[in-house]
Number of protein chains: 2
Amino acid sequence: MSTARKAPTMADVARLAGVSPMTVSRAFKRDSSVSETTREAILQAADSIGYVFDSTASNLRSQKTDFVAVTIPSINNANFAETLRGLSDGLKDRGLQILLGYTDYDIAEEERLVEQLLRRRPEAIVVTGGRHTARTRRLLENAAIPVIETWDLPDAPIGHVVGFSNAAAVRGMVDHFVARGLTRIAFIGGDADRDTRGTDRREGFIAAMRAHGLDATRLIAAGAPPISMREGAAAMGRLLDTLPDTEAVIAVSDLSAFGALTECQRRGVAVPGRISIAGFGDYEIAEVAVPALTTLNPFPREIGSRAAGLILDVLDGRQTTPARVEIRPELLIRASSR
Amino acid sequence: MSTARKAPTMADVARLAGVSPMTVSRAFKRDSSVSETTREAILQAADSIGYVFDSTASNLRSQKTDFVAVTIPSINNANFAETLRGLSDGLKDRGLQILLGYTDYDIAEEERLVEQLLRRRPEAIVVTGGRHTARTRRLLENAAIPVIETWDLPDAPIGHVVGFSNAAAVRGMVDHFVARGLTRIAFIGGDADRDTRGTDRREGFIAAMRAHGLDATRLIAAGAPPISMREGAAAMGRLLDTLPDTEAVIAVSDLSAFGALTECQRRGVAVPGRISIAGFGDYEIAEVAVPALTTLNPFPREIGSRAAGLILDVLDGRQTTPARVEIRPELLIRASSR
DNA sequence: ATGGCCCTTGGTATCGTTACCGGGCGGGCG
DNA sequence: CGCCCGCCCGGTAACGATACCAAGGGCCAT
């Protein structure tokens, strides 16, 4: 209809329906004591004048926003998207809405983001990773809402944790290769410390190799994280050029692992005949690729749904102490490493 | 520190800094007239008691939320993620934050979502697609904020549009195959009408084939949209079983196209020797796959950034009439079809 | 010296909803 | 028959920031 007129309020609806604003308010809440007939009359009146409930006023008065803040490193990552999905689905029945921000794998950006999100007064906040700036940590500690760190198992959590050890997961992968008799193993990852999970994986690789008494210097830095298929392919190219006797490659993610695989295909290097390849994340590409890629499934969807469940438990008072939910990534041995 | 104490307000900060709440308010706004010394004193006082600005109160009083609502079909889709990225980056300098919801490719779900989002009083709303329920349309028309439909070119737009014709894009793909002398062309897509863009693409395929006087019945329904790599592979399997003389395949997306490609590899069917394959979306996989996949780049990032620019233009009064920004998808002919 | 302007700061009312308290009315029970 | 309780509804104040109006002080020009 018109666009200039001021938006109707509950008072307008109340006048039209012949009730008090208070009753209109009740009619818009789920479990409130309004007779069914008046409720319907009110909703009908509201609809007729195009009234749309105003959360901003409700939020202020009730001191509740029904927001859950979430930070992820990147929107464009199937794993984090799955976590988000698990979170979103677990929260929407309760009318909780996700307020999302992405950090671009940068903890300084995370700090800005967290402050911006806290201004909106969310009921809980979920962050990815267990490493933060001092100020971020302080902000989260003072926020007086449930804080959940995910995708990691920090030594000193801020509040709750739903995650796994990236280092331990990679160790399992190294063990797998060693058990197969492969010893000249390389690691392809990003080159900065920005991606803390990627760094943890690389360090887990180094520690695991040393534990086996093996050379842990075949490290290929493939560019600024997050590295993707193209970077994975380029990194594999350099690896084949400089260390042609490499027998196995562990990539920081399935995407880079797949890129590495395609580079082998372009060069006629047999996988797994001459080189075995493994990734991380159990992306769909890992299963569909020919050969299918050995990988680790960190159950990203479950991370989200467990976090959502935890939030509801805390808000309902069923959980009163900091929880530490450990996810156990599953090693999926596929054709690319056997 | 403590978690039980009530959160400090501007009044607390004002008391501590020895100024009025009004001045504290100004200190937290960017371009307001406060002397630099008092501003710093105020911010320092705020920090010392852990004050965090409360947007909920600000939103109500100023009737501004700095939210831009966005609906996308799925979080877990690289194309929409790119659009989101373009939007987010284009809006964040202005302090506008995205309020995201996903519809799961369902316009009934979209209706619920749009209402929920409008309750938060966003300054603008961006929706994916040009088909909506009648009520969604009414809600958007009455919202008195800029409405932008994307990823489509609707005949009767609600407000602004940033998109392209899915049907026309596929026509270009058909033309490409026909020009190469291929006539027995199949289309792999989802089986329902839920994914309106997928449906548009299939219909564009049929229309284009008929325009060339070719048989447009090689249609493989690959399951509930969005179909992905696995479904693409399965669909290709069925196609090879039932219509083995097919010369070319157009898939509704690169993901399903890649799945189809892998099925060919598993069966020893040469691509493009015996079958040419094309996808849609210019996902990274299309470029990295061996052979690289012919595809269409719809410039998803640009859709987002153009939408963001449009929002700023409208909010600043530089754009006063409904805009129709047409994106021209680029046909990328790669090894899989030559 | 006085008027006027800019910069900075304060006071008051208000955004639209809901927490809280209170009251009318009808029915069940002693 | 009276009392009590539960259901349904209304009035009032308040959530915390800011729009709006106003004023004090410093500085320049007349």
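Small disclaimer: the values here were computed from a predicted structure and weren't measured. (Residues numbered from 1 in each chain as written. Chains lettered and ligands numbered in written order. Predicted model: local features only at pLDDT ≥ 70, side-chain atom pairs only at ≥ 80, totals over all residues. Heavy atoms only, no water.)

### Description of the sheet that holds strand 8 (residues 248-251) of chain B
Residue and element names in this part refer to chain B.
- As summarised here, the arrangement of the four strands in space is 7-6-8-9, forming an open sheet in which the pairing is parallel. The open sheet has two edge strands, strand 7 (219-221) and strand 9 (276-278), and neither has a second partner. Within this sheet the neighbouring strands show an average axis-to-axis angle of 20°, counted without direction.
- One ladder, built from four bridges, connects strand 6 (residues 185-189) with strand 8; its direction is parallel. (Pairing = 2+ DSSP bridges. Helix = DSSP H or I, 4+ residues; strand = E, 2+ residues; numbered from the N terminus. Axes fitted to C-alpha atoms, helices over the stretch in contact; angles between N-to-C directions.)

### Quick look at the packing of aromatic side chains
- What the rule picks out here adds up to 14 aromatic pairs over all chains.
- Measuring from ring centre to ring centre gives 5.7 Å for tryptophan 151 of chain A and phenylalanine 164 of chain A, while their planes differ by 65°; the resulting arrangement is edge-to-face. On the criterion of sequence distance, the pair formed by tryptophan 151 of chain A in the loop between strand 4 (147-150) and strand 5 (160-163) and phenylalanine 164 of chain A in the loop between strand 5 and helix 8 (166-179) is long-range, its members being 13 residues apart. Each member of the pair, tryptophan 151 of chain A together with phenylalanine 164 of chain A, is buried.
- Ring centres of phenylalanine 80 of chain B and tryptophan 151 of chain B lie 5.0 Å apart, and the angle between their planes is 70°; this geometry places the pair in the edge-to-face category. One end of the pair, phenylalanine 80 of chain B, is in helix 5 (residues 78-92); the other, tryptophan 151 of chain B, is in the loop between strand 4 (147-150) and strand 5 (160-163), with 71 residues separating them in the sequence. When sorted by exposure, phenylalanine 80 of chain B lands in the same class as tryptophan 151 of chain B, which is buried.
- Through successive ring pairs, a cluster of aromatic residues spans Phe80, Trp151, Phe164 and Phe280 of chain A. (Phe/Tyr/Trp six-rings, centres within 6.5 Å; stacked < 30°, edge-to-face > 60°. Buried < 20%, exposed > 50% of the residue type's maximum accessible area, 1.4 Å probe, protein only.)

### Re the packing of helix 10 (residues 229-242) of chain B against helix 11 (residues 254-267) of chain B
Residue and element names in this part refer to chain B.
- In contact at an axis separation of 6 Å, helix 10 and helix 11 are set at 50° when each is read in the N-to-C sense. Comparing their axes, helix 11 and helix 10 come out oblique. In this structure, helix 10 meets helix 11 at a crossing whose hand is right-handed. Within the contact between the two elements, helix 10 uses Met229, Gly232, Ala233, Met236, Gly237, Leu240 and Asp241 and helix 11 uses Leu255, Ser256, Phe258, Gly259, Ala260, Thr262, Glu263, Cys264, Arg266 and Arg267.
- Taken together, the residues that form the contact of helix 10 with helix 11 break down as eight nonpolar, five polar and four charged. (Parallel < 35°, antiparallel > 145°, perpendicular 65-115°, else oblique. Left-handed = near helix turned anticlockwise from the far one by under 90°. Contact = heavy atoms within 4.5 Å. Nonpolar A, V, L, I, M, F, W, Y, C, P; charged D, E, K, R; others polar.)

### Quick notes on the protein's contact with DNA strand D
- Among the 24 residues in the neighbourhood of DNA strand D, the closest are listed as Thr23 and Arg26 of chain A together with Met10, Ser25 and Tyr51 of chain B.
- Each atom of DNA strand D within 4 Å of the protein belongs either to a base or to sugar and phosphate, the latter forming 65%.
- Separating a phosphate oxygen of DNA strand D from a backbone N or O atom of serine 35 of chain A is a distance of 2.9 Å.
- Among the secondary structure elements, those contributing two or more residues to the surface near DNA strand D are helix 2 (21-27) and helix 4 (55-62) of chain A together with helix 2 (21-27) and helix 4 (55-62) of chain B.
- Top element by residues in the surface near DNA strand D is helix 4 of chain B. It accounts for four residues.
- Partitioning the surface near DNA strand D into residue classes produces nine nonpolar, 10 polar and five charged. (Near = heavy atom within 4 Å. Polar contact = N/O pair within 3.5 Å; in protein donor to acceptor, adjacent residues only side chain to side chain.)

### Regarding the protein's contact with DNA strand C
- Near DNA strand C you find 24 residues, and of these Met10, Ser25 and Tyr51 of chain A together with Thr23 and Arg26 of chain B are the closest.
- Here the atoms of DNA strand C within 4 Å of the protein split so that 62% fall in sugar or phosphate, with bases taking the remainder.
- Arginine 61 of chain A has a polar side-chain atom sitting 3.2 Å from a sugar or linking oxygen of DNA strand C.
- The separation between a base nitrogen of DNA strand C and a polar side-chain atom of arginine 26 of chain B is 2.8 Å.

### Regarding the domain arrangement of chain A
All names here are of chain A.
- Each assigned domain of chain A is listed here: domain 1 (10-53), domain 2 (65-164 + 300-329) and domain 3 (166-297).
- The distance between the C-alpha centroids of domain 2 and domain 3 comes to 29 Å.
- Domain 2 puts 16 residues into the contact, and the matching count from domain 3 is 14 residues.
- In this structure, aspartate 200 engages arginine 131 in a salt bridge whose closest nitrogen and oxygen atoms are separated by 2.6 Å.
- Taken together, domain 2 and domain 3 are joined by five residue pairs in polar contact (both at pLDDT 80 or more).
- Top contributing element to the side of domain 2 that touches domain 3 by residue count: helix 5 (residues 78-92), with three residues.
- For the side of domain 2 that touches domain 3, the class distribution of residues is eight nonpolar, four polar and four charged. (Domains from an automatic or database assignment. Salt bridge = Lys/Arg side-chain N within 4 Å of Asp/Glu carboxyl O.)

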